[in-house]
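Structural features, examined
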Amino acid sequence: MKIFCEALLVISAFAVWSSATSSADVHAQGATPVKVIFDTDFSIPPQDDGLALALAIKSPELQVLGVTTVAGNDTMQRATSDALRELEIAGRSDIPVYRGANRPLVHEKSDWAATVHGKWWSDEAPAMPPGGFAKTQAQTESAVSYIIRTVNANPGEVTIIAIGPLTNIAMAIRLEPGLAQKIKKLAIMGGAIGSIDGGAGNITPNAEFNFWVDPEAAQVVVRSGIPISLTGLNVTRKTNFTKNWYDKIVAVDTPLTRLIKERMDAGYARNPTRSGQMYDELTVGTVIDPTLVKSKDMYVDVDINHGPDYGVSVGAMKPWEGGENAKQISVQYDVDFERFMTMYVARVTKK
Ligand code: RIB
Ligand code: CA
């Protein structure tokens, strides 16, 4: 439970904080919502994926076309049944859920994998979500087929929010010629860039969990040429979900806030000073309003050598010897956390 423990302890020269027109303001003026595929190693809150989906479905700037699941924090089956149940609780069973990769491309179970964090290597049956399994079933089409079909039908229009291991996205890129050129943008929660502040790993000394679970997929995706905005540990370490924010959420009674309360109250009662990083929630937030974060364009690649740095994301302002395949992507490094949380609370408490 390394990530959870860490969570509990808690230039670009060109980038500036913007209090000017935010995406939210633009939307209020009538902008078309961003078409989004939500790719996730989901579990119901307190898991961050569950809290992130709550934000996405409550934000008018986003049109969540579908949810695709992947093995990561838990099994793909748990990701699927929990996502279906949260959507049901939120009254959004109209959003289809597609079952994705049950295992990473190459990474096999090891003693380390089995003991530190995550159930991506397991085939155990999913636990029953709160209130029982959803009535709606997952679609029969696979997540990879759905991603390809949807992007082909909407070339240049689909943003993929990828907040788990990148297995589904890599498989779709590998399967379909020209797919990468048709994806508008990838908003990824993953990686940690060691050459800038806050770049240590959270699962091995230098690797972030999502990239480490499927390093080969992360490399395919980072090298794909798709415009990428990376919400890595560098920026999520500047977030801190404390009880005062939690209290504001559960002060309002909605089906979603009731779920959050049911799942998180005991933890806060046991330890009112607990706090956690908002990994996946921030990724969604930056698609809604990119002015929430400061970013810089960096050359990034992923180490797939089976040694101590397996799954490590390496980044620099310029290409380096041995890093010739690195691609320039936008790396977030700072956040206006107060403004993000104000938005988060307002959205998630919406009736
Ligand atoms: O390292 C944090 C990431 O790993 C988050 O996406 C969390 O949900 C887990 O998947
Ligand atoms: Ca996740």
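Preceding block: the structure.
Since the structure is predicted, the reported quantities are computational estimates derived from the model, not experimental observations.

Turning next to the packing of helix H12 (residues 243-250) against helix H15 (residues 337-348). Interhelical geometry of H12 versus H15 gives an angle of 25° and a closest axis separation of 9 Å. Classified by the interaxial angle, the pair formed by H12 and H15 is roughly parallel. Between H12 and H15 lies a crossing of right-handed hand. Note on element contacts: H15 touches H12 through Phe337, Glu338, Met341, Thr342, Tyr344, Val345 and Val348, opposite Trp245, Lys248 and Ile249. The residue makeup of the contact of H12 with H15, split by class, is seven nonpolar, one polar and two charged.

The strand order across the open sheet built from nine strands is E3-E2-E1-E4-E5-E6-E9-E7-E8, with neighbouring strands paired in mixed fashion. Every other strand in the sheet has two partners, leaving strand E3 (97-98) and strand E8 (313-316) as the edge strands with one partner each. In the packing of helix H14 (residues 279-288) onto the sheet, the strands contacted are strand E1 (34-40), strand E2 (62-69), strand E4 (158-162), strand E5 (183-189), strand E6 (228-231), strand E7 (293-302) and strand E9 (327-335), and the crossing angle to E5 comes to about 150°.

The next thing to look at is the side chain of Thr254. Examined against the element boundaries, Thr254 turns out to sit in the loop between H12 and helix H13 (255-270). Look at Thr254 and you get buried, because its relative accessible area is 4%. Dropping the residues within four chain positions of it, Thr254 is found in contact with Val348, Thr349, Lys350 and Lys351.

The subject of this paragraph is the nonpolar core. If you look at the biggest cluster of nonpolar residues, it comprises 57 residues, and the most contacted ones within it are Phe38, Phe241, Phe340 and Tyr344. Residues in contact with Phe38, not counting those within four places in the same chain, are Asp49, Ala52, Leu53, Ala56, Val64, Gly66, Val67, Thr68, Ile161, Ile163 and Val284. Counting 39 residues, the second largest nonpolar core, distinct from the first, contains Leu65, Ala162, Ile169 and Phe211.

Protein coordination at the calcium ion (ligand 2) comes from Asp41 (OD), Asp49 (OD), Asp49 (OD), Ile163 (O) and Asp280 (OD), with a distance range of 2.2 to 2.6 Å. Sequence spacing of the donors to the calcium ion (ligand 2): D-x7-D-x113-I-x116-D. Of the two residues examined, Asp41 and Asp49, each falls in the buried class.

Right, let's talk about the packing of helix H4 (residues 76-89) against H13 for a bit. Across the interface, H4 lies against H13 with an axial gap of 8 Å and an inter-helix angle of 130°. The orientation of H4 with respect to H13, classified from their angle, is oblique. Along its contact with H4, which presents Arg78, Glu86 and Ile89, the element H13 presents Pro255, Leu256, Leu259 and Arg263. For the contact of H4 with H13, the residue count by class is four nonpolar, no polar and three charged.

Here the focus is the site of ligand 1. Around ligand 1 sit 14 residues in total, of which Asp41, Asp48, Glu208, Asn210 and Asp280 are the nearest. With respect to ligand 1, the side chain of Asp41 contributes an N or O atom lying 2.8 Å from an oxygen atom. Ile163 is positioned with one of its backbone polar atoms (N or O) 3.1 Å from an oxygen atom of ligand 1. Contact with the protein chains hides 99% of the accessible area of ligand 1, taken as 280 Å² for the molecule alone.

Cut-offs and rules
- Residues numbered from 1 in each chain as written.
- Chains lettered and ligands numbered in written order.
- Predicted model: local features only at pLDDT ≥ 70, side-chain atom pairs only at ≥ 80, totals over all residues.
- Heavy atoms only, no water.
- Axes fitted to C-alpha atoms, helices over the stretch in contact; angles between N-to-C directions.
- Helix = DSSP H or I, 4+ residues; strand = E, 2+ residues; numbered from the N terminus.
- Parallel < 35°, antiparallel > 145°, perpendicular 65-115°, else oblique.
- Left-handed = near helix turned anticlockwise from the far one by under 90°.
- Contact = heavy atoms within 4.5 Å.
- Nonpolar A, V, L, I, M, F, W, Y, C, P; charged D, E, K, R; others polar.
- Pairing = 2+ DSSP bridges.
- Buried < 20%, exposed > 50% of the residue type's maximum accessible area, 1.4 Å probe, protein only.
- Core = buried A, V, L, I, M, F, W, Y, C linked by side-chain atoms within 4.5 Å.
- Donors = N, O, S within 2.8 Å, 3.2 Å for Na, K, Ca; no water.
- Near = heavy atom within 4 Å.
- Polar contact = N/O pair within 3.5 Å; in protein donor to acceptor, adjacent residues only side chain to side chain.
- Areas by Shrake-Rupley, 256 points an atom, 1.4 Å probe, with all protein chains shown as cover.

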